[in-house]
Each structure stands twice: as structure tokens, then as C-alpha cells.
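Each chain, letter by letter, is given below.
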Amino acid sequence: QVQLVESGGGLVQAGGSLRLSCAASGSIFSINTMGWYRQRPGKQRELVAKVSRSDSTNYADSVKGRFTISRDNAKNTVYLQMNSLKPEDTAVYYCNANLYDSRELRGMDYWGKGTLVTVSS
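Bear in mind that the values here come from a model prediction, so they are computed numbers and not experimental data.

Student: In this structure, what is going on with the overall build of the chain? I would like to understand it.
Tutor: Each helix and strand in the chain was counted, giving zero helices and 11 strands. Mapped in sequence order, the helices and strands of the chain form the string β-β-β-β-β-β-β-β-β-β-β. For the chain, the C-alpha radius of gyration of 14 Å lies close to 14 Å, the compact-globule estimate for 121 residues. Dimensions of the chain, computed from the C-alpha atoms along their principal axes, are close to 45 × 25 × 20 Å. Counting every position in the chain, which comprises 121 residues, the buried fraction comes to 40%. Per element, the accessible surface of the chain, about 6400 Å² overall, is 46% carbon and sulfur. With 15 positive and 10 negative side-chain charges, the chain shows a spacing of 1 Å between the two charge centroids.

Given below as C-alpha cells:
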């Protein structure tokens with residue numbers, strides 16, 4: 001089994017910063033893409049940012065220039081640096097990893113349980 005454990009959420013004022021971390025552990029042979037998604041109140045889950053094993057990145061238009069995703073392949077960890085936070089960034093943030101599971105012997109998608117980010121105005 002694979003576990004993704006997120007940390008770093010919390011309450012911050014508008015204009016502030018937070019850094020999210022997500023560490024993957026378990027039956028991991030290799031990780032392809034790691035990413036962050038969020039679910040805002042009353043909305044569907046949406047992509048925030050993702051990064052490939054070769055460090056190619058994708059961002060939602062709403063966070064470009066404010067958020068930065070990075071990963072440490074040696075630690076199977078992905079980070080999301082969030083600057084200039086806005087109240088509309090308030091959401092539960094979920095970590096995602098697309099990886100080859102060494103126990104299942106196939107590619108699989110895993111999700112963390114989520115971490116709440118609240119941005120006050």
C-alpha cells in the first residue's frame with residue numbers, strides 16, 4: 001500500500017504565505033507525476049499544480065505567478081509554496097501521486113486525505 005501524508009495547511013490572512021508538503025511512502029517503485037488539487041466550498045475538485053518526474057510543471061491559471069510546485073525525488077515528497085494568498089484560495093488541498101506500485105505491479109493514482117487552507121480577508 002501507498003500512503004500520502006500532507007502537512008502545512010492552516011489559517012492565514014490574505015496576502016500571506018503557506019507551504020504545503022506531501023510525503024509518499026509504501027510500495028513505491030517509481031513516481032511519475034505528483035500534484036496538488038483543491039476543493040473549494042460548493043465546488044468540484046480542481047487541479048492546482050502538478051510536476052512530472054523531469055520537473056515539467058503545470059499550473060491552474062488562477063494560481064500562476066503566486067504558487068510554486070516542486071518535488072524532491074529522493075524523498076518522494078512534493079511541495080506547494082503559496083504566496084499572495086487570497087480568500088478564494090480557501091479550500092481543502094489534496095496531494096496526488098501517479099506512480100508504479102511495486103506491490104500491485106501496475107500504475108496507480110493515490111490521494112492524500114487533504115489539508116485545509118483558510119485565507120481570511
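Student: Would you mind showing me how to read the packing of aromatic side chains here?
Tutor: Pairs of aromatic rings are described using the distance from one ring centre to the other and the angle between the two planes. Enumeration over the complete set of coordinates arrives at two aromatic pairs. Centroid distance Phe-29 to Tyr-100: 5.9 Å. Interplanar angle 75 degrees. Geometry classified as edge-to-face. Linking Phe-29 in strand 4 (residues 28-39) with Tyr-100 in strand 9 (residues 91-101), this pair joins segments that are 71 residues apart in sequence. Accessibility expressed as a relative area gives 33% for Tyr-100, which makes it partly exposed. For the pair Tyr-37 and Trp-111, a centre-to-centre distance of 5.0 Å together with 65 degrees between the ring planes defines the contact as edge-to-face.

Student: Help me out: how do you make sense of the nonpolar core in this one?
Tutor: Most often, soluble globular proteins keep nonpolar side chains buried together rather than apart. Membership of the largest hydrophobic core comes to 31 residues, with the highest contact counts inside it found for Trp-36, Leu-80, Met-82 and Tyr-93. At five residues, the largest contribution of residues to this core is made by strand 9.

Conventions and cut-offs
Residues numbered from 1 in each chain as written. Predicted model: local features only at pLDDT ≥ 70, side-chain atom pairs only at ≥ 80, totals over all residues. Heavy atoms only, no water. Helix = DSSP H or I, 4+ residues; strand = E, 2+ residues; numbered from the N terminus. Rg over C-alpha atoms; globule rule 2.2 N^0.38 Å. Buried < 20%, exposed > 50% of the residue type's maximum accessible area, 1.4 Å probe, protein only. Areas by Shrake-Rupley, 256 points an atom, 1.4 Å probe, with all protein chains shown as cover. Lys, Arg positive; Asp, Glu negative; His and termini not counted. Charge placed at Lys NZ, Arg CZ, Asp CG, Glu CD. Phe/Tyr/Trp six-rings, centres within 6.5 Å; stacked < 30°, edge-to-face > 60°. Core = buried A, V, L, I, M, F, W, Y, C linked by side-chain atoms within 4.5 Å.

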